[in-house]
Amino acid sequence: MRFSAGICHISSTPSYSSTGGLDCSSGSRSLLAWTAISLSQRRRRVARRPSTAGKSRPSSLFALGVPLPDYGNFATVDTSSIQSAVSSSSSPLLFDWNPLEKDIHNWLTSSNILLSDATRPPSNEEIKTLQKAFALFYGTDRNVDEAVNLLTKSIESWEASHQGGDEIAGLYRVRGDAYMELIQPRLAAADYSKAIELLDGPDGNKADPEEKPACRLGHGRAIRSLGMAATKEEARSASKDYEVYFRLVSRLDDDDKEAGATFSDAIIDGIQRNPYACWEWGMVNRVAGDYDMAAEVHRLAAKAFEEIADKPRSVISALDQGIDLAAGLGESNESKDYGKKLAVVKKTLEDAIASDVNVEGRDVELLQRVVAKEGEARIALSGVLWNSKEKAGAEAQFGEACSRLDDLNQDYQAREQERIKKGRLPPPKVKRLGFSIDDIVGADEASCSRFKNEKYIQEKLVWPQGLQTKVNNFLTLK
């Protein structure tokens, strides 16, 4: 491993929201129409604003199909004028509308949303509440707690007036996103589950195509963030979410798989579109106790990262593949296939450890995480070797791991001293749920001594009890 500043071979991390990096477009749904009506009335009376083409917008907002609200003014909705406007595609009122507003007009004309099956359309006040909720969640002056309160009110009013299930599902999904930001994964998981239930119902086919994968990925990530605190049942449910997500985002319709293959070509294609989520899928399988599945998924993540020239994350995924296999070894080394399994574990870990030698890049923190993961893999291997009576090999791996982690810590401390000396501010520490491959242990946490801390091993490394026992036996010379 070299902390060089040469050519960067790292693909920059996309800021995946619950959509997992999908290219979300605004859907022409009734929720979009109602929240956009007041904007369209007001905007056609003012001069056109400078173009914002090319600027990024919150993908999760667009997954719901709702345009960014105007955060400073929540105009009253006059539905009669909208009905008048939609009555004719040649209405002069439409002349100065932007493309999004014209799309809304066209959809209102074709689907006659103003005459929907709901008991009543949302009131002016309900629309203003929803717009304010989005402003507080997605805007510049953010207040996520208050956004949750307003989204709760919107959900209650949308359900009371029997709006479409696809619209209500979108609201639950957005509130789930908000709960994730508030570090409340179980509340988020409940909202994503409700959204999935609604999208699987009779109104599900009306939803924007991005909603189903967004909800599946959101629920999977909420459970993934629980680590070993998730039950096996929750982990299996999250594993199913990831599988469905990859199938939904795949560019292939064919869900058949070749003889002997674990996954279909469609799922493989979905994995290639989002290897970050694939790594997460492997971790929830580890929590579920399905170590062979976890190892295979991490192998696919390593391959997918490699295909986009992301060597560091590919190596991390390969190391996790070996850790999965080590976790899957039974307690007894007397079973018939133990020797064969042990050989596979040793080769997988040794190959992955050797593969990080030439990893380079400018992202120092990412490279530090690679070294920390390598140290973790070596210590896992030392526990496996000790349990198999290969004491010399176990001690060699542990010694090398401690040496590498000590070097990592010294490098980290030297960089910190240099930063302080030059008066540079430390990078901001944003509290967030640790579901991502980029949230794993780094230089500030990794050390040999920490492997004696059960809480650290469970919460930070997500090791099952069997692997913890093997390493503890080595550390206590049992």
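Residues numbered from 1 in each chain as written. Predicted model: local features only at pLDDT ≥ 70, side-chain atom pairs only at ≥ 80, totals over all residues. Heavy atoms only, no water.

Chemist: Is there a simple way to think about the packing of aromatic side chains in this case?
Modeler: Each aromatic ring pair is described using two quantities: the centre-to-centre distance and the angle formed by the ring planes. Within this structure, the stated rule accounts for ten aromatic pairs. Relative to Tyr 138, the ring of Phe 137 has its centre 4.7 Å away and its plane inclined at 50°; by these criteria the two rings are tilted. For the residue pair Phe 137 and Tyr 138, the accessibility class agrees, reading buried in each case. (Phe/Tyr/Trp six-rings, centres within 6.5 Å; stacked < 30°, edge-to-face > 60°. Buried < 20%, exposed > 50% of the residue type's maximum accessible area, 1.4 Å probe, protein only.)

Chemist: Before we go on, may I ask you to explain helix α11 (residues 265-273) in this structure?
Modeler: One turn of an α-helix holds 3.6 residues; hence residues three or four places apart share an orientation. Taken together, the buried positions of α11 are occupied by Ala 266, Ile 267, Asp 269, Gly 270 and Ile 271. In this structure, the buried side of α11 is in contact with α10 (232-249), α12 (275-288) and α13 (291-307). (Helix = DSSP H or I, 4+ residues; strand = E, 2+ residues; numbered from the N terminus. Contact = heavy atoms within 4.5 Å.)

Chemist: I tried to follow the packing of helix α7 (residues 165-181) against helix α9 (residues 211-224) on my own but got confused; where do I start?
Modeler: Helices that pack against each other are described as a pair by the angle of their axes relative to one another and the distance between those axes. Interhelical geometry of α7 versus α9 gives an angle of 30° and a closest axis separation of 10 Å. Read as a crossing pair, α7 and α9 show a hand that is left-handed. Only Glu 211, Ala 214, Cys 215, Arg 221 and Ala 222 of α9 make contact with α7, whose side of the interface consists of Gly 170, Arg 173 and Met 180. (Axes fitted to C-alpha atoms, helices over the stretch in contact; angles between N-to-C directions. Left-handed = near helix turned anticlockwise from the far one by under 90°.)

Chemist: Got a minute to help me understand the nonpolar core in this structure?
Modeler: Note on soluble globular proteins: their nonpolar side chains tend to be buried together. By size, the foremost hydrophobic cluster in this structure holds 112 residues, and its most contacted members are Phe 246, Ile 271, Trp 281, Ile 379 and Trp 463. When residues of this core are assigned to their parent elements, the largest contribution, twelve residues, is made by helix α16 (residues 364-387). Setting aside residues up to four positions removed in sequence, Ile 271 forms contacts with Phe 246, Cys 278, Trp 281, Leu 300 and Ala 304. (Core = buried A, V, L, I, M, F, W, Y, C linked by side-chain atoms within 4.5 Å.)

Chemist: What should I look at first to understand the state of the cysteines in this one?
Modeler: Formally, a disulfide is one covalent bond, and it connects the sulfur atom of one cysteine to the sulfur atom of another. Enumeration according to the criterion identifies one disulfide in this entry. Each sulfur of the disulfide joining Cys 402 and Cys 448 lies 1.9 Å from the other. Here the disulfide of Cys 402 and Cys 448 is left-handed, its torsion about the S-S bond being about -110°. Residue Cys 402 is located in helix α17 (residues 391-421), and its partner Cys 448 is located in the loop between α17 and α18 (454-459); the two are separated by 46 residues in the primary sequence. Judged by relative accessible area, which is 12%, Cys 448 ranks as buried. (Disulfide = S-S within 2.5 Å.)

Chemist: Sorry, what's going on with the environment of Ala 326 here?
Modeler: Topologically, Ala 326 is positioned in helix α14 (residues 311-328). For Ala 326, the contacting residues outside a window of four places in its chain are Val 345, Val 384 and Leu 467.

Chemist: How do you make sense of the confidence of the model for the protein chain when you look at a structure like this?
Modeler: When pLDDT is low, close inspection of the predicted coordinates is not appropriate. Within the protein chain, residue pLDDT values average 80, and 73% of them lie at 70 or more. For the stretch residues 1-30, pLDDT sits under 50, and the model shows 110 contacts to residues farther than four places along the chain or on other chains. Low pLDDT, under 50, characterises residues 32-94; the predicted model gives this stretch 129 contacts beyond four residues in sequence or across chains. (pLDDT = per-residue confidence, 0-100.)

Chemist: What should I look at first to understand α10 in this one?
Modeler: With 18 residues, α10 should reach 26 Å at 1.5 Å per residue; the first-to-last C-alpha distance of 26 Å fits that figure. Within α10, burial applies to Ala 235, Ala 238, Ser 239, Asp 241, Tyr 242, Val 244, Tyr 245, Phe 246 and Val 249. Buried residues along α10 sit against α8 (185-199), α9, α11 and α12. (Expected span 1.5 Å × (residues − 1).)

Chemist: Help me understand the side chain of Ser 317, please; the structure alone is not making it clear to me.
Modeler: Looking at the element boundaries, Ser 317 is found in helix α14. When its relative accessible area of 0% is taken as the criterion, Ser 317 is described as buried. Apart from residues lying up to four places away in sequence, Ser 317 is in contact with Trp 279, His 298, Ala 301, Ala 302, Phe 305 and Ile 437.

Chemist: Mind showing me how you'd approach the packing of α14 against α16 here?
Modeler: One way to put it is that α14 packs onto α16 with a least axis distance of 9 Å and a crossing angle of 20°. One way to sum up the angle between α14 and α16 is to call them roughly parallel. As for the relative orientation of α14 and α16, their crossing is left-handed in sense. Residues Pro 312, Arg 313, Val 315, Ile 316, Leu 319, Asp 320, Ile 323 and Ala 326 of α14 form the contact with α16, whose participating residues are Leu 366, Leu 367, Arg 369, Val 370, Lys 373, Glu 374, Glu 376, Ala 377, Ala 380 and Val 384. Split by residue class, the contact of α14 with α16 holds twelve nonpolar, no polar and six charged. (Parallel < 35°, antiparallel > 145°, perpendicular 65-115°, else oblique. Nonpolar A, V, L, I, M, F, W, Y, C, P; charged D, E, K, R; others polar.)

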